[in-house]
Each structure stands twice: as C-alpha cells, then as structure tokens.
Amino acid sequence: MHPLPPSSSTPATLTGWLQAQARLRPAGLALRHKQAGLWQERRWWTLQQEVATLAAGLRARGFQPGHWLQVRCQPRPEALLLSLAALWLGGRVRLGHPGAAPLSRRTAASAEAHAHFVLLDSADDLAGLADLQAGLHWVGYVERRAAVTLPAGLQDRVQSSEELLLEGRAAGALDEPIQGEADDTAFLLQTEQGALSLSHRDLLEGGLALVDQEGLTHRDEAFAARAFATEAQLRYLLAPWLLTGLRLNFPERLATRDTDRREIGPTLVAGTCETYQRVARWVREALPPEGTWQRHLVERALAGRYGRLPRWVVGRRLRDVIGLTRTRAALLIGAPLPEDDARFFASLGVAVRVWPEGGTASPRPSREHDSAPPDERTVQFNLHPWGAV
C-alpha cells in the first residue's frame, strides 16, 4: 500500500512528503495542539507555509545546507516545525531531552555535530549555553516564563520562535525545499551506545513498514506525548504522519497528557514499557478498592467469567478512562511489558504490539479478540508482547 496515489512521484525526503501532503490535502487537518485549554489546529497547506517561513527566518540568520539545529524541547509543535524548517534548508537536526545535562563542547563533539543553532524550551534554559557562546549563530526559545537576563554577548542572537516567524515573513517564505537525497542525515540522536545517525531513507522505510502492517491512513489520529528524542518516535510517529497525512496531536504539557489523550481518543499511540505501566497503574487506581465485592465483579468481568459482552462493556468503559477507546494501533517500543501488565491490557481489549527500536515488528496476530462483543465487526489484534525484541 502506498500512501500517495500511484500517479504521484515518490518523495525521497521528509520535507518532500510534507510538500506532497500539502498538495494532496491542503485543507486536511494536520496538527492539533492544546493551548490555554483550547485545541489549536493547523491544516496541511498552512503548516507547510509556516515551515517555509521559519526556514526563511533561519536562512536570514545564516543557516545553510549541512548546518545543525539542536532541539531540546518538551513535545510541542514549535519544535517539530523548526526541525522541519532546518530540513527544508538541507540541514540536520540533533535531538536531545529537555532535562539532559547542559550543553558543552565535549557533548557536541562526541556526537560529531556541533550545533550552531539551538532551540530551547524557554528563555530560562539559556544559562546552559554559557560555554558555547562563541560558536552559536542563533538561539531560539518557545516561551518566556519569567524575566530573564541574557548572557553577555548573546543578546543579538537570541529570539523567540514567534520572532523568528516574523523575521521569516519579512524575508519571504521559501516555497521550495532544498532538494536533498534520501541517504542524507536527517536526525542525530544521542543513545546509550553513542551517536545514532538517521537518514531520510531510514525513517521513511521504518514508517512505511508501520503504515503497511497497521493499515494506517489519513483518517487516523496519533498522539505525541513525548518529545521526538528517540528513534522509535521518529520512525513510528513522525514518519507515518508525513507518509499518510494522519492527524498529529500534542498535549498542552506533560502533566495534562492523560486528560488530553482522553479528549482526542487517538487511534495510534506509541509508548515504552514504562509508559504503559504508568497507564496501567492509573487504571487500577480508578477501580474499586482491593478486596471489595465491586472490585471482584470488575475483575471477573474482565476475565470473561460472565461472557464476552460484559467483558467488552467493562473493558470499553476503562479504555475510555485512559483515552484508548478508539485505539487500534497501540505500539510498545522496546522492552516488553511484564506478564501481569500484558494480561491486564489484553483484558481491557487494548491490543499492544511490539515495534522494537530500529527493527521489524512482531508477526501480526489474529484479528479476532475475545473482548469484542459478538456483533462487533471491527478489526482488532490479539496482545502479543513478546515478539521480536
């Protein structure tokens, strides 16, 4: 299955796929982000224009093909759009967690990529850049949480992402991206094993494998609850988003991710073993207290002791609590769940499947699932947490 019509040429880069989606479904909903309690939306054509405008702003600041943008942000659309803007210019993106150790020349050199352009969560994080001032061309931040005194010598190189967007509008949006190659490096990650370089081809092939095996389309909803700082998030959320034109949703902040996920009801979620264990604890805490007759009834229903329909009704109610009612592709990235948590999700009717980092998925299980009601004709997958890990 190819995400674009057979008559369309196949883009070789992530930004090429962004262009393709903007042309194919310009008014289609591409991205949603909750801000001040309200969901903000971006359509594909608008999103591409914003990326092209940010690219113009970066170029006005001296960004050239081959330059690096280092992103150290929480999950938010500004970080995603600026990453795409860097790729639009033929650049590369080095990703890091917001809570990681402060930047230094040593860490930059160890990754073989000294970032002259850096995006931070807020102006409060500027203190970590003190020893990199001489090499920095631009420092951006998404939000200013308090009055901040900028380090000496950085004042003319620091601006908010909104200010960069305004600068790009003044310069004029770059309508066409730099024509890169499929094997060009797109992202660099720092892992426990060292630096990991991912090309456009790496990400698109991994994303297409997921699209094919899980049957993803532009009608799907994905939820990005974490920053794009791992290989799996790039392969299994970013790439499928660009390949299919599905809707990508960002929570308002990490503390609200569970509530925001419940509001969205995504069809695609991706998380680690720790993520699923946290959600399992949340569900168990919502159940009646241990040892009560109400808890006993719920557990017996989930175990199928009263038949398939009661199990489905109770499981659906609990899936609604955690925002997984519509989820048909629940991806577990990396290490498998402990057996008791795996059985618990199976009893809820959440079909968790292993998609290991950088590998192939476990064989697709049977479509029949015990928790589906007798007359429910929906495609579901059995829990199979042990696959290829």
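In this text the structure is predicted, and so the values were computed from the model without any measurement.

### Points about the pattern of salt bridges
- What the rule picks out here adds up to 20 salt bridges.
- Between K34 and E263 there is a salt bridge, with the nearest N and O atoms lying 2.9 Å from each other. Placement of the pair is K34 in strand β1 (residues 29-35) and E263 in helix α8 (residues 257-264), with a sequence separation of 229 residues.
- Overall, the relative accessible area of 45% leaves E263 in the partly exposed class.

### A look at the side chain of R353
- Considering the arrangement of structural elements, one finds R353 in strand β14 (residues 352-354).
- With relative accessibility at 1%, the residue R353 sits in the buried group.
- At a separation of 2.8 Å, a polar atom in the side chain of R353 contacts the side chain of E214.

### What to know about unusual backbone geometry
- In the Ramachandran plot, A36 falls in the positive-phi region, its phi being about 55 degrees despite a non-glycine side chain.
- Within the fold, A36 resides in the loop between β1 and β2 (38-43).
- Look at A36 and you get exposed, because its relative accessible area is 69%.

### Re the layout of surface pockets
- Taken as a whole, the largest pocket encloses approximately 740 Å³ of empty space.
- Surrounding the largest pocket, 29 residues form its lining, Q35, R42, E78, V142 and E162 being those nearest its centre.
- A class-by-class count of the residues in the lining of the largest pocket yields nine nonpolar, eight polar and 12 charged.

### Things to note about helix α12 (residues 339-348)
- For α12, the buried fraction is high: seven of the 10 residues fall into the buried class.
- Residues of α12 that are buried: D341, A342, F344, F345, A346, S347 and L348.
- Looking at the buried side of α12, the elements it contacts are α9 (273-286), α10 (293-302), α11 (308-321) and β14.

### Focus: the confidence of the model for the protein
- For the protein, the mean per-residue pLDDT works out to 80, and 78% of the residues sit at or above 70.
- Looking over the protein, one finds the lowest element-wise mean pLDDT in helix α4 (residues 105-110), namely 41, and the highest in helix α2 (residues 44-60), namely 96.
- Long-range and interchain partners of residues 361-389, a stretch whose pLDDT sits below 50, account for 75 contacts in this model, where long-range means more than four residues apart.

### With respect to the environment of R281
- Secondary-structure assignment places R281 in helix α9.
- For R281, a relative accessible area of 47% corresponds to the partly exposed category.
- Separated by 60 residues in sequence, R281 and D341 place their C-alpha atoms 9.2 Å apart.

### Some points on the packing of aromatic side chains
- Under the defined criterion, the tally for this structure stands at four aromatic pairs.
- Consider the rings of Y276 and F345, whose centres lie 5.5 Å apart with planes at 90 degrees: the pair is edge-to-face. Taken together, the residues Y276 in helix α9 and F345 in helix α12 connect sequence positions 69 residues apart. Of the two residues examined, Y276 and F345, each falls in the buried class.
- Plain terms: the ring middles of F344 and F345 are 6.3 Å apart, the flat faces sit at 70 degrees to each other, and that makes the pair edge-to-face.
- With a relative accessible area of 0%, F345 lands in the buried category.
- Through pairs of rings, three or more aromatic residues link up here, namely Y276, F344 and F345.
- Taking NZ or CZ as reference, R284 lies 4.4 Å from the ring centre of F344, over its face.

Reading the values: the criteria
- Residues numbered from 1 in each chain as written.
- Predicted model: local features only at pLDDT ≥ 70, side-chain atom pairs only at ≥ 80, totals over all residues.
- Heavy atoms only, no water.
- Salt bridge = Lys/Arg side-chain N within 4 Å of Asp/Glu carboxyl O.
- Helix = DSSP H or I, 4+ residues; strand = E, 2+ residues; numbered from the N terminus.
- Buried < 20%, exposed > 50% of the residue type's maximum accessible area, 1.4 Å probe, protein only.
- Polar contact = N/O pair within 3.5 Å; in protein donor to acceptor, adjacent residues only side chain to side chain.
- 1 Å grid on protein atoms, 1.4 Å probe; cavity = no way out; pocket = protein on both sides within 12 Å on 5 of 7 lines; lining within 4 Å.
- Points joined across faces, edges and corners; volume = space filled by probe spheres on them.
- Nonpolar A, V, L, I, M, F, W, Y, C, P; charged D, E, K, R; others polar.
- Contact = heavy atoms within 4.5 Å.
- pLDDT = per-residue confidence, 0-100.
- Phe/Tyr/Trp six-rings, centres within 6.5 Å; stacked < 30°, edge-to-face > 60°.
- Lys NZ or Arg CZ within 6 Å of the ring centre and 35° of its normal.

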